[in-house]
Amino acid sequence: MSGLCIIGLQWGDEAKGKLVDLLTAKQEVVVRYQGGANAGHTVVVGDQTYKLHHIPSGILNAEVLNVITGGVVLNPPTMLDEIQSLADRNIQVKRNLKISDRAHVVMPWHLAEDRALDRATQGDNNIGTTLRGIGPCYRDKVGRSYAIRLGDLYRPEFPERVREIVAVKQRVLAGIGDESEMASLNADEIIRQYQGYAEQLKDFVCDTNTLLLDAAEAGKKLLFEGAQGALLDIDHGTFPFVTSSNSSGLGVCAGSGVPPRWIDKVIGVAKCYSTRVGGGPFPTELHDEVGQNIRDVGKEYGTTTGRPRRCGWFDAVAVRYTSRLSGIDTLAMMMLDVLSCVDEINICTAYDIGGTVVKEFPSHAEDLKVVKPIYETLPGWKVDITEVRNYEDLPQQARDYLDRVSELVGRPVEIVSVGPDRAQTMFREL
Ligand code: GDP
Ligand code: IMO
Ligand code: MG
């Protein structure tokens, strides 16, 4: 048996998609278990680039079964677009994609609520969501009374339920003060559209709990693909500037329906620097030309929303915290090539909070907002490393940098990435 998890250790976009695609060759099932279309996972194969939102990054390997479980919140039209755009590029989807009937459905009112709340909370308190309806959908899941799961779309009571919920949601939207969003909700239109989506999705829908438990008990190799990153975890991240699911390693079991006994390895994915999209504290953020340089060289613009990503130095306090929290065995350090653009590299080794040196990650966003990062400065290497294929051939400064990161985080570096392509990856024997 083998259950391998890939978990982002920062604020998302650590290049999980690249890694999952790469590791899929040795797996039999790839599982997406939380989040939804807020995720944007990029896989580059030769001259082809694929951007995946719901569909697991194992989909490019025709031999592997890809499963979307009940922990995911699913947007049917986006999902159908994703399926269609892969099919248009001759990627096999029909046979090797399964979606849980327990997955909650992102409905038009969730998108409207996300937009309305975003407009209502501008300024420092704005979370800067992806506007994909993720928070409102998970809120209804936890609230239960107004939730709709994928399996509900096929039931005779679905139209009545939509009419009932639309009446309530119109009052909610009016309460937030958004008349235009309220007017856009038409129950009959929604019923017709979503029954149409359900019909198109029906061959993919099944009870994935049974499917995955059978697979695990039959000794199949499972790979769990995390979305977002551990610092965006609803319970353990930089709350309230987080997403609405457990995006750290702690979310794997609840989201997938596969218990911990089947997990035997967790790889933590981190960039060699830090990025964040949206609002919230970011102690090592760079507001100068070094930050802009990293953004330009790393092409740091959101895969889902196109927003420029905020860039900063590697934060070892944060990544040590999320590595422990997620039960990380080894590290995959991505985007090392991007650091070729800087003369010197800073690593944050501790925080200064009002004159006190702190090495633990604060639990309150307001505390995190005022910490001052304490840096250790290492020399850069200033040469192109995108063609390097063996760890030993990396410049000494780059290996020293990775050694220091590993020491501070407390985990060995097993994988190093020096470019988006599958080939630009090094594996180390540990
Ligand atoms: P994910 O959400 O964690 O899957 O990451 P994204 O796909 O949102 O963002 C990662 C971006 O970096 C994508 O455009 C990848 O193609 C690209 N990428 C992946 N690995 C590397 C790398 O080692 N170096 C560089 N320069 N780009 C990379
Ligand atoms: P992947 O899987 C980076 C961020 C948003 C916002 C916060 C809440 O590609 O790494 P949400 O729409 O989830 O309610 O937004 O979380 N966010 C991400 N940032 N990568 C992601 O996914 C993200 N998914 C959500 O920018 O700050
Ligand atoms: Mg992404």
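In this text, all values refer to a predicted model and were calculated from it rather than measured experimentally.

Caption draft 1: Expanded view of unusual backbone geometry. Cis geometry is found at the peptide bond from F239 to P240, where omega equals 5 degrees. By the secondary structure assignment, P240 is in the loop between strand 10 (221-225) and helix 9 (252-256). Positioned with a positive phi, N90 is a non-glycine residue whose angle comes to about 60 degrees. Counting through the fold element by element, N90 comes out in the loop between helix 2 (76-88) and strand 7 (97-100).

Caption draft 2: Inspection of the coordination of the magnesium ion (ligand 3) at higher detail. The coordination sphere of the magnesium ion (ligand 3), as far as protein atoms go, consists of D13 (OD) and G40 (O), spread over 2.0 to 2.2 Å. Highlighted residues: D13 in the loop between strand 1 (2-8) and helix 1 (16-23) and G40 in the loop between strand 2 (29-32) and strand 3 (41-45), separated in sequence by 27 residues. The same class applies to D13 as to G40, namely buried.

Caption draft 3: Main features of the pairing of strand 4 (residues 48-52). Pairing analysis gives five bridges linking strand 3 to strand 4, with the strands arranged antiparallel. Counted as the bridge partner of T42 is K51 from strand 4. Count of turn residues in the strand 3/strand 4 antiparallel hairpin: two residues, of which G46 carries a positive phi of about 60 degrees.

Caption draft 4: Structural detail: the environment of D124. Residue placement: D124 occurs in the loop between helix 3 (108-120) and helix 4 (134-143). Overall, D124 belongs to the exposed group, its relative accessible area being 67%. Taking C-alpha positions, D124 is 32 Å from S145, a pair spaced 21 residues apart along the chain.

Caption draft 5: A look at the pattern of salt bridges. Within the structure shown, the criterion is met by 22 salt bridges. Of the charged contacts in the structure, one is a salt bridge between R422 and D21, with a shortest N-O distance of 2.6 Å. Of the two residues, R422 is situated in the loop between strand 19 (413-417) and strand 20 (425-427) and D21 in helix 1; the sequence distance between them amounts to 401 residues. The class for R422 is partly exposed, based on a relative accessible area of 34%.

Caption draft 6: A look at helix 7 (residues 187-201). Taking 1.5 Å per residue as the helical rise, helix 7 with its 15 residues ought to reach 21 Å, and the 21 Å between its terminal C-alpha atoms agrees with that figure. Within the span of helix 7, buried status applies to A187, I190, I191, Y194, Y197, A198 and L201. Down the axis, helix 7 shows its buried residues gathered within 135 degrees of arc, on one side only. Turned more than 90 degrees off the buried face of helix 7, the exposed positions are D188, R192 and Q200. Its side-chain oxygen 3.1 Å from the backbone nitrogen of D188, N186 forms the N-cap of helix 7.

Cut-offs used in this document
- Residues numbered from 1 in each chain as written.
- Chains lettered and ligands numbered in written order.
- Predicted model: local features only at pLDDT ≥ 70, side-chain atom pairs only at ≥ 80, totals over all residues.
- Heavy atoms only, no water.
- Helix = DSSP H or I, 4+ residues; strand = E, 2+ residues; numbered from the N terminus.
- Donors = N, O, S within 2.8 Å, 3.2 Å for Na, K, Ca; no water.
- Buried < 20%, exposed > 50% of the residue type's maximum accessible area, 1.4 Å probe, protein only.
- Pairing = 2+ DSSP bridges.
- Salt bridge = Lys/Arg side-chain N within 4 Å of Asp/Glu carboxyl O.
- Expected span 1.5 Å × (residues − 1).
- Arc of directions from axis to C-beta.
- Polar contact = N/O pair within 3.5 Å; in protein donor to acceptor, adjacent residues only side chain to side chain.

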